[in-house]
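# Descriptive analysis of the structure
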Amino acid sequence: MKNFFLFIGLLWSMFVFSQNEQLAQNYVDRGEFDKAIVIYEDLIKIQPNNYQYFQKQVLCYQQLKQFDKAEFLIQNKLARTKQPNLYIELGYNYQLQKKIDKANANYDLALGKISENPNNVFTIARDFEQKVLVEQAIQAYTLGIKSNPNFNFDYQIALLQGQLGKLELMTDKLLDYSFSNPTNLPLVQSQLVRFMMEDTQKTFTEYVKKALLLRTQKNQELFWNQFMSWFFVQQKEYGKAFIQEKAIFKRSPDNFFNIINLAKMAIDDKESETAREILDFILLNTQDLELQMQAHYQLALMDIDKASAKEYPAIKAKLDLLLKQFGISPYSLNLQILHAHFNAFYLKELESAKATLVKALELPLNNYQKAEVKIELADVLLLDEKFNQAIIYYAQVEDDLENDAVAHEASLKMAKASYFKGDFEWSQKQFKVLKSSTSQLIANDAMELFLLISDNTVEDSTHVALKKFSKADFLAYQNKDNEAMLQFKAILDQHKEQSIEDVTLLRIGKLYEKQQDFLQALTYFQKIIDKHAESIYIDEALFFSAEIYRKQLQDVEKAKANYEKIIFSHEDSIYFVEARNNFRKLRGDTNL
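Residues numbered from 1 in each chain as written. Predicted model: local features only at pLDDT ≥ 70, side-chain atom pairs only at ≥ 80, totals over all residues. Heavy atoms only, no water.

### Examining the overall build of the protein chain
- A tally of regular secondary structure across the protein chain gives 32 helices and 0 strands.
- For 592 residues, the compact-globule estimate of 2.2 N^0.38 gives 25 Å, and the protein chain exceeds it by more than 25% at 33 Å.
- Dimensions of the protein chain, computed from C-alpha atoms along their principal axes, come out at roughly 90 × 60 × 60 Å.
- Taking all 592 residues of the protein chain together, 47% fall into the buried category.
- At a minimum sequence separation of 6, the contacts of the protein chain that also span at least 24 residues come to 50%.
- Roughly 31000 Å² of accessible area belongs to the protein chain as shown, and the carbon and sulfur atoms make up 52% of that amount. (Helix = DSSP H or I, 4+ residues; strand = E, 2+ residues; numbered from the N terminus. Rg over C-alpha atoms; globule rule 2.2 N^0.38 Å. Buried < 20%, exposed > 50% of the residue type's maximum accessible area, 1.4 Å probe, protein only. Contact = heavy atoms within 4.5 Å. Areas by Shrake-Rupley, 256 points an atom, 1.4 Å probe, with all protein chains shown as cover.)

Below, the structure is given as structure tokens:
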């Protein structure tokens, strides 16, 4: 029992001690140094060798301008322990009093201790860095290397040179360090990215590029080609990165995986021409059937995306040939789904598409593969106006993969199906839940449709305009663009000045853009900008306009003007980051 009470007493004292330490730190954080010092003086009596408490004591005295007390503490500890880094503490105490000669004398004493024992460099350089004494920290590391050539402080010295604004020197040291220590390459690259992001004048980024090019030309090591490729990827210059990757592949075919990754990045960033070039290269240089199939799949996707109706037969023939080549199996599932999608949405061969997908469900698939097929089958059924059957398949995916991102996608599609058939009350409840989705795209779509229904049921309890609008939306979903266009234009005529006008203008603009009538598209987007400045669709109108000016009309100034409006007036827009990056590209920045 006696031991038990002793144990409890010990625990209590430790708890009180910890509480006092936290209280003292809180006082320091709030700048109440007079209160903090009282607690630290008590704590140091209990743990006289605690260096952290000693440093806090010194800090409090210095903040209170009680430099004599701080000096007494430092001198006393120095006499007892002979720790060389205490000369830095003493020098810094003099520096705070503007006694520069005495400060430098003590800093020199600290640096001298490195010559006596090279291992002292670690604590001395660290303490100089902590006190932002950059020049002295560089001297310490340099002396450490001189005293023990086995030490390598190139990385630390490089970053310190960066703090002094000597960015070119920093870059050279970082690059040389990464070559000598390739395992630390990610560390070097993360530092370069940090400086490139802050490089508003692009001078640093240009120097990094120049330094890498020089090393690539002078040194035949693949390391520099790989580094150069990494640099171009950071700038989203995938074509230039591909040139480096091809050079690497010729000498080291085992690096093929990097080319595959590069293709994925180009596809994700919608750099179609570069992506196509890389995919063609992959097909010419691999015997891996699955890799070939994925390359063909991506190329077919890009063909479909830009195809006109007269090109559909050629695409169908290509897809048929690919399925014949790779066979019907779980491995070719993406091709099967794409084949069904093309047949349904482009060729209007609905029964053929359904048959392909039903047959796919008979294959030994995992839950995610089954979900892909069921979602596509539901999409086709929806296209065929089989609303209830489509909803059943979406619901199956929702149940099978509960709380998964794929389930959320199915939930959104199910809510849209109800919206298309005019069940606004139920669909709005689903959109309300989905607008909190972790997927930004799903959340954005759900929010837009939730607000669409909300805004157009308050003024019109009979949903007249909304019913017409959902019908037009469904026609657009069915790729019946001309019919959808007529329906949307009828809404504009019949419901002028109503809340549905701005989103109707947006839909018409997007349909014209799809038909590549870019001037008409701009006309409708501009009507939103001019007449509906407070609309929730204003950022979309600005962004879509900017994209047309940039990509289709090559009107740099007008594109920049629209991007700029998003950057300065619509920071919460889903398009903000892309608008900023595109604006910087047009302005000539290379750091994104």
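### Describing the environment of lysine 82
- Tracing the chain through its elements places lysine 82 in the loop between helix 4 (67–81) and helix 5 (86–96).
- A residue is classified by how much of its surface remains accessible, and lysine 82, at 61% relative accessible area, is exposed.
- A polar contact is formed between the side chain of lysine 82 and the backbone oxygen of alanine 79, at a distance of 3.5 Å. (Polar contact = N/O pair within 3.5 Å; in protein donor to acceptor, adjacent residues only side chain to side chain.)

### Observations concerning the packing of aromatic side chains
- Evaluated as defined, the whole model comprises 36 aromatic pairs.
- Relative to phenylalanine 232, the ring of phenylalanine 231 lies with its centre 5.7 Å away and its plane at 65°, an arrangement referred to as edge-to-face. Grouping residues by exposure puts phenylalanine 231 and phenylalanine 232 together as buried.
- Ring centres of phenylalanine 474 and tyrosine 477 lie 6.1 Å apart, and the angle between their planes is 15°; this geometry places the pair in the stacked category. With a gap of 3 residues between them, phenylalanine 474 and tyrosine 477 both fall in helix 26 (residues 464–477), about one helical turn apart.
- These aromatic residues form a ring-pair network of at least three members: Phe345, Phe387, Tyr419, Phe420, Phe424, Phe474 and Tyr477. (Phe/Tyr/Trp six-rings, centres within 6.5 Å; stacked < 30°, edge-to-face > 60°.)

### Things to note about the packing of helix 19 (residues 333–345) against helix 20 (residues 350–360)
- Helix 20 packs onto helix 19 with a crossing angle of 160° between their chain directions and a minimal axis gap of 7 Å. Between helix 19 and helix 20, the crossing angle belongs to the class labelled roughly antiparallel. For the crossing formed where helix 19 meets helix 20, the hand is left-handed. Contacts between helix 19 and helix 20 involve Leu333, Gln336, Ile337, His339, Ala340, Asn343 and Ala344 from the first element and Leu350, Ser352, Ala353, Thr356, Leu357 and Ala360 from the second.
- Split into classes, the residues belonging to the contact of helix 19 with helix 20 amount to 8 nonpolar, 5 polar and no charged. (Axes fitted to C-alpha atoms, helices over the stretch in contact; angles between N-to-C directions. Parallel < 35°, antiparallel > 145°, perpendicular 65-115°, else oblique. Left-handed = near helix turned anticlockwise from the far one by under 90°. Nonpolar A, V, L, I, M, F, W, Y, C, P; charged D, E, K, R; others polar.)

### Description of helix 24 (residues 424–434)
- Of all the residues in helix 24, the buried ones are Phe424, Ser427, Gln428, Phe431 and Leu434. Summarising the axial view, the buried residues of helix 24 lie within an arc of 125°, below the 170-degree limit, and thus occupy one face. When the buried face of helix 24 is taken as reference, the exposed residues oriented beyond 90 degrees from it are Glu425, Lys429, Lys432 and Val433.
- Between a side-chain oxygen at the N-terminus of helix 24 and the backbone nitrogen of tryptophan 426 the separation is 3.4 Å; the capping residue is aspartate 423. (Arc of directions from axis to C-beta.)

### With respect to the side chain of histidine 532
- Position of histidine 532 among the secondary structure elements: in the loop between helix 29 (518–531) and helix 30 (538–552).
- For histidine 532, the contacting residues outside a window of four places in its chain are Glu501, Asp502, Leu505, Lys527 and Ile538.

### What to know about the nonpolar core
- Counting residues in each nonpolar core, the largest one holds 85 residues, and the members touching the most others are Leu382, Tyr394, Tyr419, Phe431, Leu452, Phe469 and Phe488.
- Here this core gets 9 residues from one element, more than from any other, and that element is helix 21 (residues 367–383).
- Dropping the residues within four chain positions of it, phenylalanine 488 is found in contact with Phe469, Ala472, Asp473, Thr504, Arg507, Ile508 and Leu511. (Core = buried A, V, L, I, M, F, W, Y, C linked by side-chain atoms within 4.5 Å.)

### As for the pattern of salt bridges
- Taken as a whole, this structure holds 28 salt bridges when the rule is applied.
- For aspartate 176, the salt bridge goes to arginine 215, with nearest N and O atoms at 3.3 Å. You can see aspartate 176 sitting in helix 10 (residues 167–180) and its partner arginine 215 sitting in helix 12 (residues 203–218), a full 39 residues away along the chain.
- The class for aspartate 176 is partly exposed, based on a relative accessible area of 38%.
- Arginine 215 sits in the buried class, given a relative accessible area of 16%.
- Because the salt bridges share partners, they merge into one network encompassing Glu351, Lys354, Asp384 and Lys386. (Salt bridge = Lys/Arg side-chain N within 4 Å of Asp/Glu carboxyl O.)

### What to know about the confidence of the model for the protein chain
- Summary statistics for the protein chain give a mean pLDDT of 90 and a share of 95% for residues scoring 70 or more.
- Scored below 50 in pLDDT, residues 1–17 shows 4 contacts in the model against residues more than four places distant or in partner chains. (pLDDT = per-residue confidence, 0-100.)

### A look at the environment of alanine 443
- Relative to the elements of secondary structure, alanine 443 occurs in helix 25 (residues 440–458).
- As for alanine 443 and tyrosine 563, which are separated by 120 residues in sequence, their C-alpha atoms are 23 Å apart.
- Ignoring anything within four residues of it in the chain, the contact list for alanine 443 reads Leu434, Lys435 and Ser437.

### Some details on the side chain of glutamate 89
- Here glutamate 89 shows up in helix 5.
- The buried category is assigned to glutamate 89, whose relative accessible area is 4%.
- Reaching out from glutamate 89, the side chain makes a polar contact with the side chain of glutamine 55 at a distance of 3.3 Å.
- Beyond its immediate stretch of four places on either side in the chain, glutamate 89 contacts Tyr51, Gln55, Val58, Ile74 and Lys131.

### Some thoughts on unusual backbone geometry
- Positive phi is not limited to glycine here, since lysine 348 has a value of about 60°.
- Looking at the secondary structure, you find lysine 348 in the loop between helix 19 and helix 20.
- Look at glutamine 516: it is not a glycine, yet its phi comes out positive at around 65°.
- By the secondary structure assignment, glutamine 516 is in the loop between helix 28 (501–514) and helix 29.

### Some points on the environment of glutamate 547
- Along the chain, the position of glutamate 547 falls in helix 30.
- C-alpha of glutamate 547 to C-alpha of serine 411: the two residues are 136 residues apart in sequence and 30 Å apart in space.
- The residues contacting glutamate 547, other than those within four sequence positions of it, are Gln552, Tyr563, Glu578 and Asn582.
- Among the polar contacts made by the side chain of glutamate 547, one reaches the side chain of asparagine 582 at a distance of 3.1 Å.

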